[in-house]
There are 4 protein chains.
Amino acid sequence: MAAARVTEVATKRKSALSPPLPGPGARDAEKTRLNILAAAEAEFAQKGLAGARVDTIAETAGANKRMIYYYFRSKEELYVAVLERAYTQMRTNESELALSHLKPLDAIRTLVEFKFDYSAAHPKLIKLLNGENMLNAEYLKQAKRLRDMHTSLVKTLGGILDAGVKDGTIRAGINPLHLYISISGLSYFYFSNTPTLSAAFGHNLASAAERATRRQHVVDVITAFLRP
Amino acid sequence: MAAARVTEVATKRKSALSPPLPGPGARDAEKTRLNILAAAEAEFAQKGLAGARVDTIAETAGANKRMIYYYFRSKEELYVAVLERAYTQMRTNESELALSHLKPLDAIRTLVEFKFDYSAAHPKLIKLLNGENMLNAEYLKQAKRLRDMHTSLVKTLGGILDAGVKDGTIRAGINPLHLYISISGLSYFYFSNTPTLSAAFGHNLASAAERATRRQHVVDVITAFLRP
Amino acid sequence: MAAARVTEVATKRKSALSPPLPGPGARDAEKTRLNILAAAEAEFAQKGLAGARVDTIAETAGANKRMIYYYFRSKEELYVAVLERAYTQMRTNESELALSHLKPLDAIRTLVEFKFDYSAAHPKLIKLLNGENMLNAEYLKQAKRLRDMHTSLVKTLGGILDAGVKDGTIRAGINPLHLYISISGLSYFYFSNTPTLSAAFGHNLASAAERATRRQHVVDVITAFLRP
Amino acid sequence: MAAARVTEVATKRKSALSPPLPGPGARDAEKTRLNILAAAEAEFAQKGLAGARVDTIAETAGANKRMIYYYFRSKEELYVAVLERAYTQMRTNESELALSHLKPLDAIRTLVEFKFDYSAAHPKLIKLLNGENMLNAEYLKQAKRLRDMHTSLVKTLGGILDAGVKDGTIRAGINPLHLYISISGLSYFYFSNTPTLSAAFGHNLASAAERATRRQHVVDVITAFLRP
DNA sequence: TATGAATGAGAATTCATTCAT
DNA sequence: TATGAATGAATTCTCATTCAT
């Protein structure tokens with residue numbers, strides 16, 4: 001675990017090249033804040049709340065450790081901020097899908113593909129959620145703003161199913177909540193568990209080819225399930 | 001981290017031949033070892049590798065902390081041992097399903113139900129795997145014995161699919177690896193992400209009723225996918 | 001042990017240019033660093049690397065134990081730093097002798113007396129070297145800067161011998177390396193082994209009188225050896 | 001620093017080959033004791049009292065750790081036993097030299113060569129003495145039997161010097177104690193400090209050629225010193 | 001805002017030694 | 001005699017957090 005450690009004292013040294021000196025008095029503050037958030041996201045995703053190191057975050061962010069406390073008060077609050085931001089982004093993207101304008105089957109296929117592509121594009125979110133689930137979502141519960149964003153999505157899905165039943169493209173009796181969970185899970189599990197699955201099967205599931213295969217497979221599974 | 005340490009401890013375990021001599025209660029090596037393993041499983045599942053405390057494990061196991069190092073050398077090696085044991089148990093159970101004696105559709109339904117029920121019954125395994133995936137399965141890769149156990153299952157599944165295609169109960173063209181991943185994922189995701197999902201939807205997904213609903217839903221999704 | 005860790009801390013030390021700003025008494029990094037080094041020197045000299053206690057060093061230095069790791073990363077690297085410093089000091093003093101300006105015999109007598117007096121004045125160095133030799137100089141090898149400092153001294157000695165041979169004050173055929181080792185050893189051994197010798201002979205070899213006798217004896221031995 | 005550690009538990013395993021089964025009820029006891037002493041000598045020589053590990057000694061000795069306490073009561077008493085044995089052996093050998101039967105110069109040359117050869121042949125003794133000196137010979141003082149063995153040697157040397165003065169082969173005024181120290185030191189220092197000297201000079205002083213050179217050099221230095 | 005220095009409460013790990021058999 | 005299991009007191013090292021400037 002030792003390998004090449006670098007002294008805390010030493011790593012701080014500014015190189016002669018670095019300081020991109022923000023305009024005098026300018027909004028360097030916000031930049032520092034965002035640097036910290038980004039660094040923290042990476043660190044928490046990789047190591048979880050307990051495993052993450054404040055020092056590492058500061059170093060990665062190119063900021064002084066003290067700044068983390070200045071902007072976020074504590075490691076835990078920084079964690080909540082990271083979580084909240086990542087989650088909000090996902091929900092925001094989801095809500096911008098405008099599914100109601102599409103034909104029922106198209107709407108659902110679009111959602112499935114979005115879920116897959118979003119998971120593929122945001123591996124850190126997956127890991128953050130994994131970590132949160134291990135902690136029984138204790139911190140997500142604190143992120144008040146998130147509560148409301150979701151039920152709406154399931155409601156939307158319910159509406160789409162109803163429309164599909166009406167126009168005969170979707171069979172009746174489908175539980176929208178569990179459909180949503182399945183849509184999420186079929187993509188999420190593939191991405192979240194790639195490491196253990198790859199280890200177990202001795203086969204790299206993360207390759208581009210395998211990923212394309214998976215995407216089609218997920219669409220197929222959901223489509224088959226909707227078939228009247 | 002720690003290059004290749006070898007857990008030769010295993011060789012120490014009593015073989016089935018040597019009688020479990022120790023008088024009642026005291027100085028039973030194997031018992032101490034198992035107590036530590038069980039306590040560690042709980043601790044690692046709850047808090048992950050980084051968050052787990054060796055002190056807590058020792059206390060829970062009713063063992064002296066020193067014994068952990070005596071039997072497992074380090075926190076990390078204990079973690080690997082826990083992981084290996086949990087994983088092996090699952091695969092052993094899986095392999096005992098004797099799917100090949102069943103009709104194709106029955107076989108797959110049995111596997112789906114097994115996956116669901118096993119996940120329901122082993123929440124610690126789910127959390128351990130979650131933690132492992134966050135660490136990119138770095139430790140699972142060290143657990144050499146596991147490598148082989150898996151491909152066989154996918155092969156079995158392939159055989160079942162072929163048989164189903166032949167007797168007309170299953171449609172052709174299904175990728176057995178991704179079918180396996182879907183079967184796993186539909187159950188796993190529900191259990192692993194219950195905390196965040198429940199938080200997001202403000203709805204307790206862990207209730208018995210919801211669980212029964214989910215079980216049926218999963219069977220339905222897979223069954224629909226197999227339909228010719 | 002510890003592969004190749006690099007002590008970049010050194011680069012941190014205030015250059016001669018940066019003014020020693022810190023207010024009187026408090027928060028003076030360089031002072032803390034030096035306090036730790038001094039305390040460590042005493043502790044390592046007395047107890048060796050294995051026997052030395054980080055706690056003791058911190059306490060003696062009047063520093064928080066954490067500071068040792070802050071400045072030196074580990075007990076071992078602190079040990080190397082101590083070693084390097086003591087060794088460098090000796091070599092620096094040695095190189096300041098300006099032997100080449102003296103007549104050959106005077107030059108060598110000066111060196112002999114310097115070696116004796118320096119050993120007498122730096123008992124900690126002797127013990128540090130003793131400890132290092134027990135460890136097969138494993139750590140001294142890591143102190144890269146030292147490599148070059150030495151051959152020069154033997155070269156100088158060779159030059160002096162040649163000059164002495166020329167002007168007829170020194171006999172020919174003397175190996176400068178072994179002469180150097182003898183000059184060192186005659187003093188060093190007396191100081192390093194005083195404890196066991198005193199115990200064995202039941203006679204205090206460390207007294208001032210005995211020390212003066214020894215000094216003259218060493219000069220006589222070397223002088224006699226040089227005689228043509 | 002970790003490298004390949006082997007569990008305590010594991011290392012104990014007897015190989016199928018090992019047990020040289022001593023005759024039933026035989027004097028295996030003494031052998032165990034000697035094995036422990038030998039293993040301890042190696043360990044204490046290499047690592048000093050503080051750095052030595054009881055576990056390592058037991059393992060090297062092929063004995064159960066408990067036996068060390070059975071035979072020697074504690075790590076410290078084992079250390080004293082080792083020291084005492086090594087020291088006694090040296091003095092015994094020394095006293096068997098029968099110097100008084102030789103001509104004065106021959107006697108002293110014999111002693112010089114003995115010291116050199118004995119040091120060469122017993123590197124562990126050198127390291128043990130180094131360790132003892134670092135501890136200020138605290139333990140050697142406890143080894144009661146040793147007190148007397150030594151003064152006699154210096155007395156013998158005094159006698160030889162007197163005889164040499166009388167027959168004109170040795171100059172007058174030589175202090176026998178310091179002569180003895182010089183004789184010892186010229187060899188001892190070379191062997192004890194080979195590691196640091198080699199590191200400093202970047203030159204392997206331990207080679208056979210270098211060693212032969214050194215031996216002759218030491219004889220020459222002492223001989224020159226005795227010359228009338 | 002920003003920074004380097006400092007801290008105290010842990011956390012993992014090690015070690016000599018003793019127990020029970 | 002001999003052994004494997006167990007222990008408690010250190011010991012090294014880590015980490016989030018705060019101080020002084």
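Residues numbered from 1 in each chain as written. Chains lettered and ligands numbered in written order. Predicted model: local features only at pLDDT ≥ 70, side-chain atom pairs only at ≥ 80, totals over all residues.

Caption draft 1: Geometry of the overall build of chain A. Assigned secondary structure in chain A consists of 11 helices and 0 strands. Taken from the N to the C terminus, the helices and strands of chain A come in the order α-α-α-α-α-α-α-α-α-α-α. Burial analysis of chain A (228 residues in total) assigns 36% to the buried set. Put simply, of all contacts in chain A between residues at least 6 apart along the chain, 68% involve residues at least 24 apart. (Helix = DSSP H or I, 4+ residues; strand = E, 2+ residues; numbered from the N terminus. Buried ≥ 20, exposed ≤ 12 C-beta atoms within 10 Å, placed from the backbone. Contact = placed C-beta atoms within 7 Å.)

Caption draft 2: Spatial organisation of helix α4 (residues 75–95) of chain B. Residues and elements named next belong to chain B. The terminal C-alpha atoms of α4, which comprises 21 residues, lie 30 Å apart, in line with the 30 Å expected from a rise of 1.5 Å per residue. Of all the positions in α4, only Glu 77, Leu 78, Tyr 79, Val 80, Ala 81, Val 82, Leu 83, Ala 86 and Tyr 87 are classed as buried. Elements that come into contact with the buried residues of α4 comprise α1 (29–51), α3 (65–72) and α6 (123–134). (Expected span 1.5 Å × (residues − 1).)

Caption draft 3: View of the protein's contact with DNA strand F. The local shell around DNA strand F holds 39 residues, among which B:Ala29, B:Asn64, B:Arg66, D:Ala29 and D:Arg66 are the closest. Contributing elements (two or more residues each) for the surface near DNA strand F: α3 (54–61) and α4 (65–72) of chain A, α1 and α3 of chain B, α2 (54–61) and α3 (65–72) of chain C together with α2 (28–51) and α4 (65–72) of chain D. (Near = placed C-beta within 6 Å.)

Caption draft 4: Seen up close, the interface of chain A and chain B. The partner chain B presents 47 residues to the 47 residues of chain A that form the contact. Secondary-structure elements contributing two or more residues to the side of chain A that touches chain B are α2 (28–51), α7 (123–134), α8 (151–166), α9 (176–192), α10 (194–201) and α11 (208–226) of chain A. Residue contributions to the side of chain A that touches chain B peak at 10 residues, all from α9(A). Looking at the side of chain A that touches chain B residue by residue, the classes come out as 21 nonpolar, 19 polar and 7 charged. (Nonpolar A, V, L, I, M, F, W, Y, C, P; charged D, E, K, R; others polar.)

Caption draft 5: A look at the packing of α2(A) against α4(A). Residue and element names in this part refer to chain A. Between α2 and α4, the shortest axis-to-axis distance is 10 Å and the interhelical angle comes to 100 degrees. Overall, the two elements α2 and α4 adopt an arrangement that is roughly perpendicular. Contacts between α2 and α4 pair Thr 32, Arg 33 and Ile 36 from the former with Met 67, Ile 68 and Tyr 71 from the latter. Taken together, the residues of the contact of α2 with α4 break down into 4 nonpolar, 1 polar and 1 charged. (Axes fitted to C-alpha atoms, helices over the stretch in contact; angles between N-to-C directions. Parallel < 35°, antiparallel > 145°, perpendicular 65-115°, else oblique.)

Caption draft 6: Examining the protein's contact with DNA strand E more closely. In the vicinity of DNA strand E lie 39 residues, with A:Ala29, A:Arg66, C:Ala29, C:Asn64 and C:Arg66 positioned nearest. When its residues are assigned to classes, the surface near DNA strand E shows 14 nonpolar, 7 polar and 18 charged.

Caption draft 7: Geometry of the relation of the copies chain A and chain B. In the superposition of chain A on chain B (RMSD 0.3 Å, axial shift 0.0 Å), the rotation amounts to 179 degrees. A rotation of that kind, with that shift, is consistent with a two-fold axis. (Least-squares fit on C-alpha atoms with pLDDT ≥ 70 in both.)

Caption draft 8: Representation of the domain arrangement of chain A in the model. Residues and elements named next belong to chain A. Domain annotation for chain A reports domain 1 (28–73) and domain 2 (83–226). The C-alpha centroid of domain 2 is placed 29 Å from the C-alpha centroid of domain 1. Every contact between the two is made by 8 residues of domain 1 and, on the other side, 7 residues of domain 2. Each residue belonging to the side of domain 1 that touches domain 2 can be placed in one class, and the counts come to 5 nonpolar, 2 polar and 1 charged. (Domains from an automatic or database assignment.)

Caption draft 9: Seen up close, the environment of C:Glu76. Residue and element names in this part refer to chain C. Along the chain, Glu 76 turns up in helix α4 (residues 75–95). Of the residues examined, Glu 76 has 17 C-beta atoms within 10 Å and is grouped as partly exposed. Put simply, Glu 76 and Tyr 139 are 63 residues apart on the chain and 8.5 Å apart in space, counted from C-alpha to C-alpha.

Caption draft 10: Representation of the environment of D:Met67. All names here are of chain D. Here Met 67 shows up in helix α4. The partly exposed category is assigned to Met 67, around which 16 C-beta atoms lie within 10 Å. As for Met 67 and Phe 189, which are separated by 122 residues in sequence, their C-alpha atoms are 36 Å apart. In contact with Met 67, not counting residues within four places along its chain, are Thr 32 and Ile 36.

Caption draft 11: View of unusual backbone geometry. Phi at B:Arg73 takes a positive value of approximately 75 degrees, unusual for a residue other than glycine. Given 25 C-beta atoms within 10 Å, B:Arg73 falls into the buried group.

Caption draft 12: Broad picture of the packing of helix α7 (residues 123–134) of chain D against helix α9 (residues 176–192) of chain D. All names here are of chain D. Close contact between α7 and α9 brings their axes to 10 Å; oriented N to C, the two are set at 90 degrees. What the angle tells us is that α7 and α9 run roughly perpendicular. Contacts from Pro 123, Ile 126 and Asn 130 of α7 reach α9 at Tyr 188, Phe 191 and Ser 192. Its residues placed into classes, the contact of α7 with α9 shows 4 nonpolar, 2 polar and no charged.

Caption draft 13: Summary view of helix α5 (residues 104–121) of chain B. Residues and elements named next belong to chain B. The terminal C-alpha atoms of α5 lie 25 Å apart, and with 18 residues this matches the ideal 26 Å at 1.5 Å per residue to within 8%. What α5 keeps buried is the set Pro 104, Ala 107, Ile 108, Leu 111, Val 112, Lys 115, Phe 116 and Ser 119. One face of α5 carries all of its buried residues, which in axial projection span an arc of 170 degrees. Along α5, the residues that are exposed and aim more than 90 degrees away from the buried face are Asp 117 and Ala 121. The secondary structure elements touched by the buried residues of α5 are α6, α7 (151–166), α8 (176–192) and α10 (208–226). (Arc of directions from axis to C-beta.)

Caption draft 14: A look at the confidence of the model for chain A. All names here are of chain A. Overall, the predicted model of chain A reaches an average pLDDT of 87, with 86% of residues at or above 70. By mean pLDDT, the top-scoring element of chain A is α11 (98), and the lowest-scoring one is helix α1 (residues 8–11) (45). Low pLDDT, under 50, characterises residues 1–7; the stretch is placed with 13 contacts to residues that sit more than four places away or in other chains. In the model, residues 10–26 has pLDDT below 50 throughout and makes 9 contacts with residues more than four positions away in sequence or in other chains. (pLDDT = per-residue confidence, 0-100.)

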